[in-house]
Amino acid sequence: MKKKQDTVVVTAGRDPEANFGIVNPPVYHASTVLYPTLEAVKTRAQPVTYGRRGTPTTFALQDAIAELEGGYRSLVTSSGLSAVTTALLAHLKAGDHLLMTDSAYEPTRTFCNNVLKRYGVDVEFYDPRIGAGIGTILRKNTAVVFTESPGSVTFEVQDIPAIADAAHKAGATVLLDNTWASPLYFKPFEHGVDVSIQAVTKYLCGHSDVMMGAITATEEAWKKTLETHGNIGQCAAPDDVYLVLRGIRTLSVRLERHMQTGIALAEWLSKRPEVARVIHPAREDHPDHAIWKRDFTGASGLFSIELKPCSETALAAMLDGLEYFGMGYSWGGFESLIIPQYPKKMRTATQWTAEGQILRIHAGLEDIEDLKADLDAGFARLRAAA
Ligand SMILES: *Cc1c(COP(=O)(O)O)cnc(C)c1O
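A brief structural summary. (Residues numbered from 1 in each chain as written. Predicted model: local features only at pLDDT ≥ 70, side-chain atom pairs only at ≥ 80, totals over all residues. Heavy atoms only, no water.)

## Details of the packing of helix α3 (residues 56–69) against helix α9 (residues 238–248)
At a closest axis distance of 9 Å, the pairing of α3 and α9 adopts a crossing angle of 35°. The element α3 and its partner α9 pack so that their crossing is left-handed. Of the residues in α9, those touching α3 at Thr 57, Thr 58, Ala 60, Leu 61, Ala 64, Ile 65 and Leu 68 are Pro 238, Val 241, Tyr 242, Val 244, Leu 245 and Ile 248. Taken together, the residues that form the contact of α3 with α9 break down as 11 nonpolar, two polar and no charged. (Axes fitted to C-alpha atoms, helices over the stretch in contact; angles between N-to-C directions. Helix = DSSP H or I, 4+ residues; strand = E, 2+ residues; numbered from the N terminus. Left-handed = near helix turned anticlockwise from the far one by under 90°. Contact = heavy atoms within 4.5 Å. Nonpolar A, V, L, I, M, F, W, Y, C, P; charged D, E, K, R; others polar.)

Here it is, written out as structure tokens:
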């Protein structure tokens, strides 16, 4: 019988028998790796060859992520952003055309505009809701279609199977930033993705204390990915790798709670007079809810709300006094967060016309009654200052 997902979360990448029965793998700190013979030096036919290329600690994490994502193999990198940039560099060359979703994580956008363009890649942003319509903008030289679903901040859910189908017919490779759902709630390779990216920093680590990324590829997309990852010199630090392996073991219970609290907070917020709308893919009033329901098996704790127009003073009165919701960007840890966002500035292929302030919320693992009370007091301050 095929292992169920929660069992994979607990068992993936582990081999206690290889380590005296100890449950977790040891942390290898390594730069120099010795070769026993001249022949070994020449063939490099041993599993560990150089610190940067990974140790048994790294391999354990990479095996675990590959199994969770359902891909052929995985590589870890120094940050989520470096996983995005390394994957793009691996599958693009000068003269290629790149289709990039207009809802991408902002630093991903910046990399395309500031670096890829400088290296002769033709970067075109597209409407995240384009679906099969991507066929009309694919070109002979389109090498990569980059997707991120749901989109950062604005949460458009993309029709990945339709996009992948059209892209593959045109010979393009499909990359996905799968950070929001984590490998648990969206299975990229069952939906036609060739290369899946995780900001491991977020839910896989889960404790707000590690920067890391991961790239997982199909067997066909593996060779290019591995080569460029090695050429660039990507690697992740041993203690961080260990912390992420430890974080993964509780991923399914953490995510379930993030999901429940997120959905309940979204419902509560939708009834608040200060809120114009809630943007959460798991809600029936979300424009892409049907696609989310078809393709995802859960929702993480990250969503946005649009406030009814209010003054900057009122917004500051609300946010500055919150007790449990911290104002910070890197989400996916155990604590709740709230941060103002400005999607208007982040778009070129589509327009963001909503007038109200967008607040991105991360539902943490605190008691929901405390979280509601914190927001309730925040809204009272907002109204008093208006
Ligand atoms: C945070 C994030 C990243 C970047 O990850 P870092 O580890 O912070 O570099 C990339 N994509 C998405 C969707 C993210 O939320």
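## Regarding the site of the ligand
Near the ligand lie 13 residues; those nearest to it are Gly 80, Leu 81, Asp 177, Thr 201 and Lys 202. At 2.7 Å from an oxygen atom of the ligand is found a main-chain nitrogen or oxygen belonging to Gly 80. Thr 201 is positioned with one of its side-chain polar atoms (N or O) 2.5 Å from an oxygen atom of the ligand. In the shell around the ligand, the residues fall into five nonpolar, five polar and three charged. (Near = heavy atom within 4 Å. Polar contact = N/O pair within 3.5 Å; in protein donor to acceptor, adjacent residues only side chain to side chain.)

## Here's the deal with the nonpolar core
Core analysis: the biggest nonpolar cluster contains 59 residues, and Leu 61, Ile 65, Ile 134, Val 145, Trp 180, Met 212 and Val 244 have the highest contact counts within it. Of all elements in the fold, only α1 (5–11), α3, α6 (160–169), β5 (173–177), α7 (182–185), α9, α10 (251–270) and α11 (289–295) reach the threshold of two or more residues within this core. Three or more residues apiece are contributed to this core by two domains, here domain 1 (5–248) and domain 2 (251–385). With near-sequence residues (within four places) excluded, Trp 180 lies in contact with Pro 150, Phe 155, Tyr 203, Pro 281, Trp 292, Phe 296, Gly 298, Ala 299, Ser 300, Leu 302 and Trp 331. Membership of the second largest hydrophobic core comes to 25 residues, among which are Leu 92, Val 121, Val 195 and Ala 217. (Core = buried A, V, L, I, M, F, W, Y, C linked by side-chain atoms within 4.5 Å. Buried < 20%, exposed > 50% of the residue type's maximum accessible area, 1.4 Å probe, protein only. Domains from an automatic or database assignment.)

## Observations concerning the pattern of salt bridges
Within the structure shown, the criterion is met by 20 salt bridges. In this structure, the salt-bridge partner of Lys 3 is Glu 67, at a minimum N-O distance of 3.3 Å. A residue pair is termed long-range when its members are at least 10 positions apart, and Lys 3 in the segment before α1 and Glu 67 in helix α3 qualify at 64 residues. Judged by its relative accessible area of 36%, Glu 67 falls in the partly exposed class. By sharing partners, the salt bridges in this structure join Glu 267, Lys 271, Arg 283 and Asp 285 into a single network. (Salt bridge = Lys/Arg side-chain N within 4 Å of Asp/Glu carboxyl O.)

Function-wise, these values are silent; they only describe arrangement.
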